[in-house]
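# Observations on chain architecture
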Amino acid sequence: MQDIGTEVTAAGIARLAGVGRAAVSNWRRRHDDFPRPVGGTETSPSFALAEVERWLRKQGKLAEVPLKERVWQQLAGHPAGPSTALVHTGCALLLVHDRHPVWLEVSAGSDQRLAELLPNSLDQVLTPRFGMVRRPAVTAPTAAALLPSVPLLRGAAELAAETGARQTFEFLLGRHLDANSRQYTPTPADLARLMADLAGPATTLLDPACGTGALLRAVDPRPDQELFGQDSSPEQAALTALRLALHTRSTVRTAAADSLRADTYGTLRADAVLCHPPFNERNWGHDELAYDPRWEYGFPARTESELAWVQHALARLRDGGTAVLLMPPAAAGRRSGRRIRADLLRRGALRAVIALPAGAAPPHNLPLHLWVLRRPGKAPAQPEVLLVDAGQLLDGGAAASPAERGRDSGGGRGMLDREDVRAGVVETWRTFDRDGTAPEQPGLSRCVPVVELLDDDVDLAPARHLPPPTSAVGAAELSTVRERLGRTLRLTADLTPPPVHEAQPARFPLTTVGELARAGALLLRTGGHGAHARVLTDHDVLSGTAPSGTLPETGEQPVLVEAGDVVVPVLGGGAVARVVDEATAGAALGRNLTLLRPDPAALDPWFLAGFLRGTANNRQASSYASTATRLDVRRLQLPRLPLDQQRRYGERFRALAEFEDALRLAGRLGEGLVRGMYDGLADGTVAPD
């Protein structure tokens, strides 16, 4: 049964029909029988999903709505809002997962019957899984609250029969987070794994600002574990509980309350605490918490909310327990927090500060830090603290050549998924944790005596205390880079396009990508779905580099690129299209990318990519918002030419692409040579003559 109350936006209609939003606008103008808006605003109206489906089928624009898409549209257009709908769906999926026969029994019959029977059935599942907690995050909804959700719950259960209950919930949660990205501050999956690895094995874990549960989900699940979460947002605390319950058989306890003002777990002593606290909060409870016993290391200033979270984490640890917190870099050096930082050092609570590469987590413009803390107990304070600059691992640290250190790595986004980066940080920490010290790695890590940090500033930023990396292997390495640069420049000269000759503007008959897709001459797909080890990002396409990204698990299958595909970024306003080669084939298509897979009997890929890069072509297919430019790939134009003529153009476009790649490589080598020369002259490893 389709719920008439489910609403869908113009973007949702475009997704259902597999067209661009411009096509939906055209249908509204050209067809008098197009469904009228039932909600939303004048600039962003919403429509009844059932009416839209009937109209699309009547027009022959929709054969059958995919089940995933139907369920998602029901959730996104739920009368009570998508967050409430997602919690209802998670409860039902947990019932399907834990007691499938009970679901089959209560779902047989009318929607009204299901809504009436479901609360009691859910209570029998939720109470054993989540226990009796003050301010519980998940309780069984009432029959009246569930009734509008029944069509959604039936669809979700049907989808779970195909893909599994956990995968279904991850798919819907991932879509919801993407669609409402401004409402959430996510912890990327690769960073969450790194934090869990640093904390080490633990039986009892707490996340006092759990959000949607990314940190606790990153922990290797064990049946004997107890996972505790708390968040000031009731919806996020509930989503965390349901997500963890579907992911593991561990005991899950979550509460909906502000951990600083209303700590639910005041007597808990956990083995480990993982936390991504809110940054720069002025209203964190400074006035009412002045005499709180958690401030063992000093009362935090109003501007030091992060140090309040640090001390809350330490207060919830057993003696010897480990806490890992994601911190803004300012917390390592603000003068208002120096006394607390100093006491954390003197008493041995702060064990390591790890600087992450910029872009590892929101806000992406800042190189965030990880603080690793240990509740001292009766153990003597350790005399050293480990400082690590993980950004150096992306550049290979001291062992990298100047050319490699000079490459355009694109920051840290998607880089912490690299096993060598994560393993390098974890291994350095484990060595230090086991031995109380670790070998110094210039530019990468150093064990710093506590007394050296206890100056007037107590600045813990690793970059201020790490010795600079050596300049590779000196003059011999620089000579190798210089020779390689010379070969590349000669190749660039050979690839320089021949002289151009003026010609009359061509008057080709034109078609569009959208028309070619409808005619079957090419397949059009969008990226950003499903976890995969190698992900081609929009930055990779723009910079011509190898796949470097990662995607969180959403329950969807990723789109894998093949040799000969054409990949186009849709954000940023640049005229770029990349033909996938054999080395890139097999990677997953990342977010903000559109894939065009031409039929080789109808389209030459290099011809297609070349004409898509035309500046005028991109301008007419772009729309402009206040902060970004978005490309409607379906509106891009290209000439209607026979295949043999396409190949003539394609060969020239391929030669231009090779020339462009050579220029990029020459630029990177030149940058690396210049940086290496500056470093070598400055540290004395290269003679000025």
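Along each chain, residues carry numbers from 1 onward, in the same order as the chain's sequence is written. Given that this is a predicted model, residues contribute local features only at a pLDDT of at least 70 and side-chain atom pairs are listed and counted only at 80 or more, while totals for whole chains, interfaces and linings are drawn from all residues. As a rule here, side-chain values cover all heavy atoms of the structure and leave hydrogens and water aside.

This part is about the overall build of the chain. A count of helical and extended segments in the chain gives 25 helices and 22 strands. This radius of gyration counts C-alpha atoms alone. The globule rule is 2.2 Å times how many residues there are, raised to the power 0.38. On C-alpha atoms alone, the chain measures out to a radius of gyration of 28 Å, which is about the 26 Å that the 2.2 N^0.38 rule sets for 689 residues. Principal-axis analysis of the C-alpha atoms places the extent of the chain at approximately 90 × 80 × 40 Å. Buried means the residue's accessible area, taken with a 1.4 Å probe over protein chains only, is under 20% of the maximum for its type, while exposed means over 50%, and partly exposed covers the values in between. A burial count over the chain gives 53% of its 689 residues as buried. Every residue pair with non-hydrogen atoms within 4.5 Å of one another is taken to be in contact. Partitioning the intrachain contacts of the chain with sequence separation of at least 6 by distance along the chain shows that 74% fall at a separation of at least 24. Summed over its atoms, the accessible surface of the chain is roughly 30,900 Å², and 51% of this surface lies on carbon and sulfur atoms. Helix and strand assignments come from DSSP, with helices taken as H or I runs of at least 4 residues and strands as E runs of at least 2, each series counted from the N terminus. To measure how exposed things are, a 1.4 Å probe is used in the Shrake-Rupley method; for residues, cover is taken only from the protein chains shown.

Stacked, tilted and edge-to-face are the three classes applied to pairs of Phe, Tyr and Trp rings, where Trp contributes its six-membered ring and a pair requires centres within 6.5 Å; stacked means planes under 30 degrees apart, edge-to-face means over 60, and tilted covers the rest. Tallied over the full model, the rule gives 13 aromatic pairs. Summarising the aromatic geometry, the rings of Phe508 and Tyr649 are spaced 6.2 Å apart at their centres and angled 85° between planes, so their arrangement reads as edge-to-face. On the criterion of sequence distance, the pair formed by Phe508 in the loop between helix H20 (475–495) and strand S13 (510–512) and Tyr649 in helix H25 (residues 643–683) is long-range, its members being 141 residues apart. Judged by relative accessible area, Phe508 falls into the partly exposed class, the value being 28%. Clustering of aromatic rings is evident, with ring pairs tying together Phe508, Phe607, Phe611, Tyr649 and Phe653. When the NZ atom of lysine or the CZ atom of arginine is within 6 Å of a ring's centre and also within 35 degrees of its normal, the charge is said to sit over that ring. The ring centre of Phe171 lies 5.0 Å from the NZ or CZ of Lys68, which sits over that ring.

Right, let's get into the pattern of salt bridges. Any Lys or Arg side-chain nitrogen located within 4 Å of an Asp or Glu carboxyl oxygen qualifies as a salt bridge. Under the counting rule described, the total for this entry stands at 36 salt bridges. Residue Arg335 is joined to Asp457 by a salt bridge in which the shortest nitrogen-to-oxygen separation is 3.0 Å. Remark: Asp457 occurs in the loop between helix H19 (450–453) and H20 and Arg335 occurs in the loop between strand S8 (317–327) and helix H15 (338–346); sequence separation between them is 122 residues. We classify Asp457 as partly exposed; its relative accessible area is 38%. Of the charged contacts, one joins Asp565 and Arg597 as a salt bridge, the two residues approaching to 2.9 Å between their closest N and O atoms. Pair noted here: Asp565 is in the loop between helix H22 (538–543) and strand S16 (566–569) and Arg597 is in strand S19 (residues 593–598), with a separation of 32 residues, a long-range link. Taking relative accessible area as the criterion, Arg597 reaches 22% and is therefore assigned partly exposed.

Domain start and end points were adopted from an automatic or database domain assignment. Here the chain is described as being made up of domain 1 (7–65), domain 2 (69–180), domain 3 (189–392 + 415–464), domain 4 (471–499 + 647–688) and domain 5 (510–640). One C-alpha centre belongs to domain 3, the other to domain 4, and the line joining them spans 42 Å.

Further remarks concern the sheet that holds strand S9 (residues 350–355). Within the open sheet, the nine strands sit side by side as S6-S5-S4-S7-S8-S10-S9-S11-S12. Their pairing is mixed. The sheet is open, and its two borders are formed by strand S6 (251–256) and strand S12 (445–449), each paired with just one other strand. Neighbouring strand axes in the sheet, compared pairwise and without regard to direction, differ in orientation by 15° on average. Examined bridge by bridge, strand S4 (residues 204–207) and strand S7 (residues 270–275) share two bridges and lie parallel to one another. If you follow Leu206 over to S7, its bridge partner there is Val273. Strands pair, by our definition, only if DSSP identifies at least two bridges between them. Axes here refer to lines fitted to C-alpha atoms; in helices the fit is confined to the stretch in contact. Angles between the N-to-C directions go from 0 to 180 degrees.

Before going further, it helps to examine unusual backbone geometry. Glycine aside, residues mostly have negative phi angles, and peptide bonds mostly take the trans form. With omega at -5°, the peptide bond leading from Pro362 into Pro363 counts as cis. Within the fold, Pro363 resides in the loop between S9 and strand S10 (369–374). Even without a glycine there, the phi angle at Val458 is positive, about 50°. Looking at the element boundaries, Val458 is found in the loop between H19 and H20.

Of note, Ser445 is situated in strand S12. By relative accessible area, which is 1% here, Ser445 ends up buried. Here the alpha-carbon distance between Ser445 and Ile354, two residues 91 residues apart in the chain, equals 8.9 Å. In this view, Ser445 contacts Leu386, Leu387, Val388, Thr428, Pro439, Glu440 and Leu466; residues no more than four positions away in its chain are not counted.

A word on helix H11 (residues 189–199). For H11, a buried count of eight out of 11 residues is recorded, marking the element as mostly surrounded by other parts of the structure. Among all positions of H11, only Asp190, Leu191, Ala192, Leu194, Met195, Ala196, Leu198 and Ala199 are buried. Those residues of H11 that are buried lie in contact with helix H12 (214–217), S7, S8, S9, S10 and helix H18 (419–435). One or two positions beyond H11, positive phi appears at Gly200, with a value near 80°.

Pairing in this open sheet of three strands is antiparallel, and the strands run S1-S3-S2 from one edge to the other. Every other strand in the sheet has two partners, leaving strand S1 (7–9) and strand S2 (39–40) as the edge strands with one partner each. Bridge count for S1 against strand S3 (residues 45–48) is three bridges, and the pairing is antiparallel. Looking at the pairing, Glu7 lines up with Ala48 of S3.

Across the interface, H11 lies against H18 with an axial gap of 10 Å and an inter-helix angle of 20°. In terms of orientation, H11 lies roughly parallel with respect to H18. The element H11 and its partner H18 pack so that their crossing is right-handed. Residues Asp190, Arg193, Leu194, Asp197 and Leu198 of H11 lie in contact with H18, whose contacting residues are Arg422, Val425, Val426, Trp429 and Arg430. Tallied by class, residues from the contact of H11 with H18 come to five nonpolar, no polar and five charged. Oblique is the label for every angle not falling under 35 degrees (roughly parallel), over 145 degrees (roughly antiparallel), or within 65 to 115 degrees (roughly perpendicular). Left-handed is the label given to a crossing in which the near helix is rotated counterclockwise from the far helix by less than a right angle, and right-handed is the label when the rotation is clockwise. Polar here means any residue other than Ala, Val, Leu, Ile, Met, Phe, Trp, Tyr, Cys and Pro, which are nonpolar, and Asp, Glu, Lys and Arg, which are charged; Gly is therefore polar.

Take the environment of Asp661 next. With respect to the helices and strands, the residue Asp661 is situated in helix H25. Classification of Asp661 as partly exposed rests on a relative accessible area of 42%. The spatial distance from the C-alpha of Asp661 to the C-alpha of Thr545 is 9.6 Å, given a sequence separation of 116 residues.

Right, let's talk about helix H13 (residues 234–247) for a bit. One less than the number of residues in a helix, times 1.5 Å, gives the span that helix is expected to have. Taking 1.5 Å as the rise per residue, H13 with 14 residues should run 20 Å; its terminal C-alpha atoms sit 20 Å apart, in good agreement. Counting buried positions along H13 yields 11 of 14 residues, so the element is predominantly enclosed. What H13 keeps buried is the set Gln236, Ala237, Ala238, Leu239, Thr240, Ala241, Leu242, Arg243, Leu244, Ala245 and Leu246. Packed against the buried residues of H13 are helix H5 (82–98), helix H7 (111–130), helix H10 (165–179), H12, strand S5 (226–231) and S6.

What follows deals with the confidence of the model for the chain. Known as pLDDT, the predictor's per-residue confidence is scaled from 0 to 100. When pLDDT is averaged along the chain, the result is 87, and 91% of the positions lie at 70 or above. Within the chain, the lowest mean pLDDT, 40, falls on helix H17 (residues 402–405), and the highest, 98, falls on S4. Low confidence marks residues 396–414, where pLDDT is under 50. Its contacts with residues over four positions away, or in another chain, come to 57 contacts.

With that out of the way, let us pick up the nonpolar core. Throughout this description, the term nonpolar core refers to a set of buried Ala, Val, Leu, Ile, Met, Phe, Trp, Tyr and Cys residues connected via side-chain atoms within 4.5 Å. With 81 residues, the main nonpolar core has Trp103, Leu198 and Leu370 as its most contacted residues. If one sorts the elements of this core by residue count, H5 sits on top with nine residues. Contacts of Leu198, omitting those with residues within four sequence positions, involve Thr322, Val324, Ile354, Leu370, Val372, Val425, Val426 and Trp429. Cys275, Leu307, Ala323 and Leu460 belong to the second largest nonpolar core, which has 43 residues in total.

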